[in-house]
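Chain and residue survey
The lines below spell out each chain.
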Amino acid sequence: MSGSPTLSLLLVGLATAFATYAGGVITLRLVRRSTLIFGLTSGFVLGLALFDLLPEALHGQTGPGATATVLAMALIGLATGLLLHHLPETAAPKASAGRIALLAHSLLDGVGIGLAFQISPTTGWIVAAAVLAHDLADGANMAGLSMAHGHAHNAPRWLLANSLAPVLGIVLGQFLPMGEAHFALLLALFSGSFLYIGLFELLPRSAAGEGLLRTAVASGAGLVFMGSVITLAHS
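Residues numbered from 1 in each chain as written. Predicted model: local features only at pLDDT ≥ 70, side-chain atom pairs only at ≥ 80, totals over all residues. Heavy atoms only, no water.

Moving on, we get to the overall build of the chain. Per the secondary structure count, the chain includes eight helices and zero strands. Mapped from its N terminus to its C terminus, the chain presents α and β elements in the order α-α-α-α-α-α-α-α. Taking all 235 residues of the chain together, the buried fraction comes to 49%. A separation threshold of at least 6 residues defines the contact pool for the chain, and within that pool the share at least 24 residues apart is 86%. Within the structure as shown, the chain displays about 11,000 Å² of accessible surface, and the carbon and sulfur contribution to it stands at 74%. (Helix = DSSP H or I, 4+ residues; strand = E, 2+ residues; numbered from the N terminus. Buried < 20%, exposed > 50% of the residue type's maximum accessible area, 1.4 Å probe, protein only. Contact = heavy atoms within 4.5 Å. Areas by Shrake-Rupley, 256 points an atom, 1.4 Å probe, with all protein chains shown as cover.)

We now examine the environment of Thr-41. Looking at the secondary structure, you find Thr-41 in helix 2 (residues 34–60). Since its relative accessible area comes to 1%, Thr-41 is described here as buried. A sequence separation of 99 residues divides Thr-41 from Ala-140, and the C-alpha atoms of the two residues are 6.7 Å apart. Every residue in contact with Thr-41, bar those within four places of it in the chain, is listed here: Ala-140, Asn-141 and Leu-202.

Here helix 7 (residues 180–210) spans 42 Å end to end across 31 residues, near enough to the 45 Å set by a 1.5 Å rise per residue. A bend of about 35° at Leu-203 is the largest found in helix 7, and the proline Pro-204 appears one to four places after it. (Expected span 1.5 Å × (residues − 1). Bend = angle between axes of the 7 residues up to and from the residue.)

Our focus in this paragraph is helix 6 (residues 155–175). With 21 residues, helix 6 extends 31 Å between its outermost C-alpha atoms, agreeing within 8% with the 30 Å of an ideal straight helix rising 1.5 Å per residue. Maximum bend of helix 6: about 25°, positioned at Leu-164, with proline Pro-166 one to four residues after it.

With the rule as written, the count across this model stands at two aromatic pairs. When the ring of Tyr-196 is compared with that of Phe-200, the centres are 6.0 Å apart and the planes differ by 15°; the resulting orientation is stacked. In this pair, Tyr-196 and Phe-200 both sit in helix 7, four residues apart, roughly one turn of the helix. (Phe/Tyr/Trp six-rings, centres within 6.5 Å; stacked < 30°, edge-to-face > 60°.)

Within the largest apolar cluster, 37 residues are counted, with the highest numbers of intra-cluster contacts made by Leu-53, Phe-194, Ile-197, Leu-202 and Met-226. Elements that contribute at least two residues to this core include exactly helix 2, helix 3 (66–85), helix 4 (92–119), helix 5 (121–148), helix 6, helix 7 and helix 8 (212–234). If you tally residues by element for this core, the top one is helix 2, at ten residues. Core analysis: the second largest hydrophobic core is formed by seven residues, Leu-9, Phe-117, Ala-128 and Val-131 among them. (Core = buried A, V, L, I, M, F, W, Y, C linked by side-chain atoms within 4.5 Å.)

This part covers the side chain of Thr-20. Mapped onto the fold, Thr-20 is located in helix 1 (residues 3–29). Not counting chain neighbours up to four residues away, the residues in contact with Thr-20 comprise Asp-135, Asp-138, Gly-139, Leu-159, Asn-162 and Ser-163.

With that settled, consider a nonpolar patch on the surface. Residues Leu-7, Leu-10, Leu-11, Leu-14 and Trp-125 make up a contiguous nonpolar surface patch of about 510 Å² in total accessible area. Ranked by the residues each element gives to the nonpolar patch, the list is headed by helix 1, at four residues. Here Leu-7 shows up in helix 1. In this structure Leu-7 comes out as partly exposed when scored by relative accessible area, which is 48%. (Patch = residues over 30% accessible without salt bridge, like charges linked within 9 Å, V, L, I, M, F, W, Y side chains within 5 Å. Salt bridge = Lys/Arg side-chain N within 4 Å of Asp/Glu carboxyl O.)

Turning our eyes to something else, we now look at the pattern of salt bridges. Close approach of charged atoms allows side chains of opposite charge to pair. Tallied over the entire structure, the rule returns one salt bridge. The residue Glu-210 makes a salt bridge to Arg-214 at a minimum N-O spacing of 2.9 Å. Since its relative accessible area comes to 14%, Glu-210 is described here as buried.

Below is the structure:
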């Protein structure tokens, strides 16, 4: 790579790390209203799945049965979360699965940026702008999910890992060849995982503390915000 693309990737990596970490810190500062934050972040997660990941997966798959394949992968992601949901509360897989899914999503964000810069700097910056647009929400999701599991004391470590994941992804994306079709299937899988996180992890915890009406308003606000951010990022 030449000096200019290298500098661009460095700046994008630092920006993604800062935005993600800032979103989580803001959420942790508002820990006293954590149950309301769960409702808001459920909207973020659901919006990310419905307005970004799933449409991108559908766009990346072509040919006969493409839509069915994408939806099947999304259902696999959702079903995996539901299976983990029925593990005992103390089981490590249940406590960590959602946060690992978020980490994987952030890593894929970075991979997408790295792959895009392989195509051209212009494409790279477009993809980077889309990722940066929702990085604040990514950090909020990680912090909110950690608090939802009663692991607020571990939240800074998970948040730091989530902030560094897209940076690692950018590096991998520069050297990892991946077809658009395979990448689309991964996006579909994680869209299903995020639907599980929003519907079965965050929403019930918010409703238990805030009631259905306040939870619905908070989640709706998160959906509208995420939808607006994604629309602006792709416009």
